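As a plain string of letters, each chain reads:
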Amino acid sequence: MREVILDVDTGVDDALAVLYALRSPDLHVRALTCVAGNVALSHVVRNTVALAGALGAYVPVAAGADRPLVVDSPDIVSVHGDDGLLGIAPPGRPIAVDRRHAVEVLHEAITGAPGEVTVVALGPLTNLALLLRTRPDVAEQVAEIRVMGGSLGAGNITATAEFNHWVDPHAAAVVLGAAWPVTAYGLDVFYDPVVPESAITALRADDDVAASLAGELLDRRGQDAFSGRPYLGDAGLVTSLDVGGVTYTEMPVMVDTRPGPTRGMTLADRRSSRHEFAAREPWSPVRVATAVDAGVLTRRYLEVLTGSG
């Protein structure tokens, strides 16, 4: 089993990912750490402990950063609704919140199993940047950092920036520039894995709480005027930990931290040959997702949620 920590800003995308991770026979979730992003931190924590409680998963859930490192907290209208889950309430009793800060939980989990833990960051990277700045020893002990963030093309929150990097560009710059292995799953592939309507209907009718919750979330998101598509989003990244299905290309990457229209923009050097001045540029190598087998990811997601695989 792969040892993982999910760092989440639990809206619909993250909820779908959490449901999968807690159900997957190939993933062992050591902790769920929370960061402000899709919604305020209090909503993120509430949603995360509710999902874990609905599935009877007693994993540490800890609150982390409630604002970006440097820039002001953005005043945005979430496409995930005021509560982050489009009004869907997971059944059952929420688990208790771990009283430790997310940074402490991340550090303990990583150093307790050196070289074994993959951190999957699905929201703004504030918690991971704080972890690096306060506990730099983790850079040599974590197995890998998987980030849902960035874009090689257009953004979704602005013309140039993907949401997570835009919310906290300074944190993104710290995390992508650190001396630990980073893999990025960005907007270039984010929207590709889509769940068919027939499968959503079957999920909603399933007796298993994880399957039915996933079905409700996908159905509600598919009706949303902003997206209009029941895509897996962040859950595609988590599913790929089990089944692959993603093509990655290593390239130098940095994140623009300047205010203005390029805030949070992902800059990637995709040239096959780089001139002598490239060594002076503050760019770090990142494995970037450039294509996915959407059918493989969607099938595996459905297999795990329905217990058929």
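Every residue gets a number counted from 1 within its own chain, in the order that chain's sequence is written. pLDDT decides what is reported in this predicted model: residues at 70 or higher carry local features, side-chain atom pairs at 80 or more are listed and counted, and totals for whole chains, interfaces and linings draw on all residues regardless. Just so you know, side-chain values use all the structure's heavy atoms and leave hydrogens and water out.

**Details of the sheet that holds strand β5 (residues 144-148)**
Then step 1. Taken together, the 9 strands give an open sheet; going across it, the order is β3-β2-β1-β4-β5-β6-β9-β7-β8, and neighbouring strands pair in mixed fashion. The sheet is open, and its two borders are formed by β3 (61-63) and β8 (266-268), each paired with just one other strand. The sheet shows a mean angle of 30° between the axes of neighbouring strands, direction not considered.
Then step 2. With 7 bridges connecting them, strand β1 (residues 2-8) and strand β2 (residues 27-34) associate as parallel partners. Here, any two strands with at least 2 DSSP bridges between them count as paired. Strands are runs of DSSP state E lasting at least 2 residues, helices are runs of H or I lasting at least 4, and numbering of each runs from the N terminus. Axis definition: a line fitted to C-alpha atoms, over the contacting stretch in the case of helices. Angles run 0 to 180 degrees between N-to-C directions.

**Points about the pattern of salt bridges**
Opposite charge on two side chains allows them to pair when their charged atoms are near.
Then step 1. One side-chain nitrogen of Lys or Arg within 4 Å of one carboxyl oxygen of Asp or Glu is enough to make a salt bridge. Tallied over the entire structure, the rule returns 14 salt bridges.
Then step 2. Among the ionic pairs, Arg287 bridges to Glu144, the shortest N-O distance being 3.6 Å. Taken as a pair, Arg287 in strand β9 (residues 284-292) and Glu144 in strand β5 lie far apart in primary sequence, 143 residues in all.
Then step 3. Throughout, exposure labels follow a simple rule: accessible area from a 1.4 Å probe, protein chains only, divided by the maximum for the residue type, with under 20% read as buried, over 50% as exposed, and the rest as partly exposed. Judged by relative accessible area, Arg287 falls into the partly exposed class, the value being 31%.
Then step 4. Residue class for Glu144 comes out buried when judged on its relative accessible area of 12%.

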